[in-house]
Amino acid sequence: TQLLEQSPQFLSIQEGENLTVYCNSSSVFSSLQWYRQEPGEGPVLLVTVVTGGEVKKLKRLTFQFGDARKDSSLHITAAQPGDTGLYLCAGKGGNEKLTFGTGTRLTIIP
Amino acid sequence: DSGVTQTPKHLITATGQRVTLRCSPRSGDLSVYWYQQSLDQGLQFLIQYYNGEERAKGNILERFSAQQFPDLHSELNLSSLELGDSALYFCASSVADSPYEQYFGPGTRLTVT
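Residues numbered from 1 in each chain as written. Chains lettered and ligands numbered in written order. Predicted model: local features only at pLDDT ≥ 70, side-chain atom pairs only at ≥ 80, totals over all residues. Heavy atoms only, no water.

Visitor: An account of the overall build of chain B is requested, with residue identities and associated values reported.
Guide: When helices and strands are tallied, chain B shows 0 helices and 11 strands. Element order for chain B, N to C, with α for helix and β for strand: β-β-β-β-β-β-β-β-β-β-β. The C-alpha extent of chain B, read off along each of the three principal axes, is 35 × 30 × 25 Å. Long-range contacts, defined as pairs at least 24 residues apart, comprise 56% of the intrachain contacts of chain B with a sequence gap of at least 6. Summing over all exposed atoms, chain B offers an accessible surface of approximately 5,400 Å²; the carbon and sulfur share of this is 48%. With 8 positive and 12 negative side-chain charges, chain B shows a spacing of 4 Å between the two charge centroids. (Helix = DSSP H or I, 4+ residues; strand = E, 2+ residues; numbered from the N terminus. Contact = heavy atoms within 4.5 Å. Areas by Shrake-Rupley, 256 points an atom, 1.4 Å probe, with all protein chains shown as cover. Lys, Arg positive; Asp, Glu negative; His and termini not counted. Charge placed at Lys NZ, Arg CZ, Asp CG, Glu CD.)

Visitor: Can you lay out the pairing of strand β4 (residues 31-37) of chain A for me, pointing to particular residues and giving the numbers?
Guide: Residue and element names in this part refer to chain A. With 7 of 7 residues buried, β4 is to be regarded as a mostly interior element. Neither face of β4 is exposed, since Ser31, Gln33, Tyr35 and Gln37 on one face and Leu32, Trp34 and Arg36 on the opposite face are all buried. Inspection of the sheet shows β4 paired to strand β9 (residues 85-92) by 7 bridges, in the antiparallel sense. Each bridged residue has a counterpart across the sheet, and for Gln33 the counterpart in β9 is Ala90. Relative to strand β5 (residues 44-49), β4 runs antiparallel, the two sharing 5 bridges. Bridging from a neighbouring strand, Gln33 pairs with Thr48 of β5. (Buried < 20%, exposed > 50% of the residue type's maximum accessible area, 1.4 Å probe, protein only. Pairing = 2+ DSSP bridges.)

Visitor: Break down the interface of chain A and chain B for me, citing the residues and quoting the values.
Guide: Contacts between chain A and chain B engage 18 residues on the former and 16 residues on the latter. With both sides pooled, the region where chain A packs onto chain B buries about 1,300 Å², and carbon together with sulfur makes up 57% of that total. Where chain A packs against chain B, one counts 0 salt bridges. Between chain A and chain B we count 1 residue pair in polar contact (both at pLDDT 80 or more) in total. Listing elements by their share of the side of chain A that touches chain B, those giving two or more residues are β4, β5, β9 and β10 (98-100) of chain A. If you tally residues by element for the side of chain A that touches chain B, the top one is β4(A), at 4 residues. (Buried area = accessible area lost by both parts, 1.4 Å probe. Salt bridge = Lys/Arg side-chain N within 4 Å of Asp/Glu carboxyl O. Polar contact = N/O pair within 3.5 Å; in protein donor to acceptor, adjacent residues only side chain to side chain.)

Visitor: Give a description of the sheet that holds strand β1 (residues 5-7) of chain B that names residues and reports values.
Guide: Sheet strands associate in pairs through backbone hydrogen bonding, adopting either a parallel or an antiparallel arrangement. Residue and element names in this part refer to chain B. Taken in spatial order, the 4 strands of this open sheet run β1-β3-β8-β7, and their pairing is antiparallel. If you trace the sheet from one side to the other, it starts and ends with β1 and β7 (64-68), each paired once. The mean inter-strand angle of the sheet, taken between neighbouring strand axes irrespective of direction, is 15°. (Axes fitted to C-alpha atoms, helices over the stretch in contact; angles between N-to-C directions.)

Visitor: Provide a residue-level description of the state of the cysteines, including the pertinent values.
Guide: Under the definition given, this model contains 2 disulfides over all chains. The partner cysteine of Cys23(A) in its disulfide is Cys89(A), sulfur to sulfur 2.1 Å. The sign of the S-S torsion, about 75°, decides the handedness of the disulfide formed by Cys23(A) and Cys89(A): right-handed. A residue pair is termed long-range when its members are at least 10 positions apart, and Cys23(A) in strand β3 (residues 19-24) and Cys89(A) in strand β9 qualify at 66 residues. In this structure Cys89(A) comes out as buried when scored by relative accessible area, which is 0%. The side chain of Cys23(B) participates in a disulfide bridge whose partner is Cys91(B); the two sulfur atoms lie 1.8 Å from each other. Between Cys23(B) and Cys91(B), the disulfide has an S-S torsion of -45° and is therefore left-handed. In this pair, Cys23(B) sits in strand β3 (residues 19-24) while Cys91(B) sits in strand β9 (residues 87-94), placing the two residues 68 residues apart along the sequence. Each member of the pair, Cys23(B) together with Cys91(B), is buried. (Disulfide = S-S within 2.5 Å.)

Visitor: Please provide a residue-by-residue account of the layout of surface pockets, values included.
Guide: Empty space within the largest pocket amounts to approximately 580 Å³. Looking at the largest pocket, it is lined by 26 residues, and the ones nearest its centre are Leu86(A), Arg105(A), Gln37(B), Ser38(B) and Leu39(B). Of all the secondary structure elements, the ones that give two or more residues to the lining of the largest pocket are β9 and β11 (104-109) of chain A together with β4 (31-38), β5 (42-50) and β9 of chain B. A class-by-class count of the residues in the lining of the largest pocket yields 8 nonpolar, 13 polar and 5 charged. (1 Å grid on protein atoms, 1.4 Å probe; cavity = no way out; pocket = protein on both sides within 12 Å on 5 of 7 lines; lining within 4 Å. Points joined across faces, edges and corners; volume = space filled by probe spheres on them. Nonpolar A, V, L, I, M, F, W, Y, C, P; charged D, E, K, R; others polar.)

Visitor: So what about the pattern of salt bridges? Which residues, and what values?
Guide: Tallied over the full model, the rule gives 7 salt bridges over all chains. Put simply, Lys56(A) and Glu54(A) hold a salt bridge, and the shortest N to O gap is 3.8 Å. Where Asp85(B) meets Arg63(B), a salt bridge forms, and the shortest distance between an N and an O atom there is 2.8 Å. With a gap of 22 residues between them, Asp85(B) in the loop between β8 (74-78) and β9 and Arg63(B) in the loop between β6 (53-57) and β7 connect regions that are remote in the sequence. Side by side, Asp85(B) and Arg63(B) carry an identical accessibility label, which is buried.

Right, dumping it as structure tokens:
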């Protein structure tokens, strides 16, 4: 079974600060996705990374896929209250199934 | 709005009962995925259908079943409900037979009392 551990589980920071959340596994994934989920809604896809070492930027969000394709990080610069939500990583393995991580619940305090 | 619709939004029922959750995928999407999200288990993949055929199974209990109809909408049937089945149930859809880019619906919150 492929497991994805996310850390930290909870993070509460002030508006304007920077933060990094992590997604780690002992398994190799062919691709990895990051989602944000707001209360009462379904997860929304933010990015997909495919190549080991790949870095993608989405405005203030920077996503990196580890060289060995076993881990990923999400860095947010100058966090805004609108960034509040549950961040989920999801890895696609060789069986084409998507395994979701345990999630990081982020709260940005105005 | 992802374009994926799910009904009902909320469902409260008693243990031992049976319920049906419905999902309409985005226009043009052939794959439908069902997920269960609970506080202690996170988001768990249950089952996938592609163009009416079952394609992949995850952690779906034998008490649960699903199908995808010719018009591509899908239903998830949950029977002999237990308290532990209380969760958010999400449907997602994608164009291809792969969860590479899937869009989630707003979910159905099931409460079993």
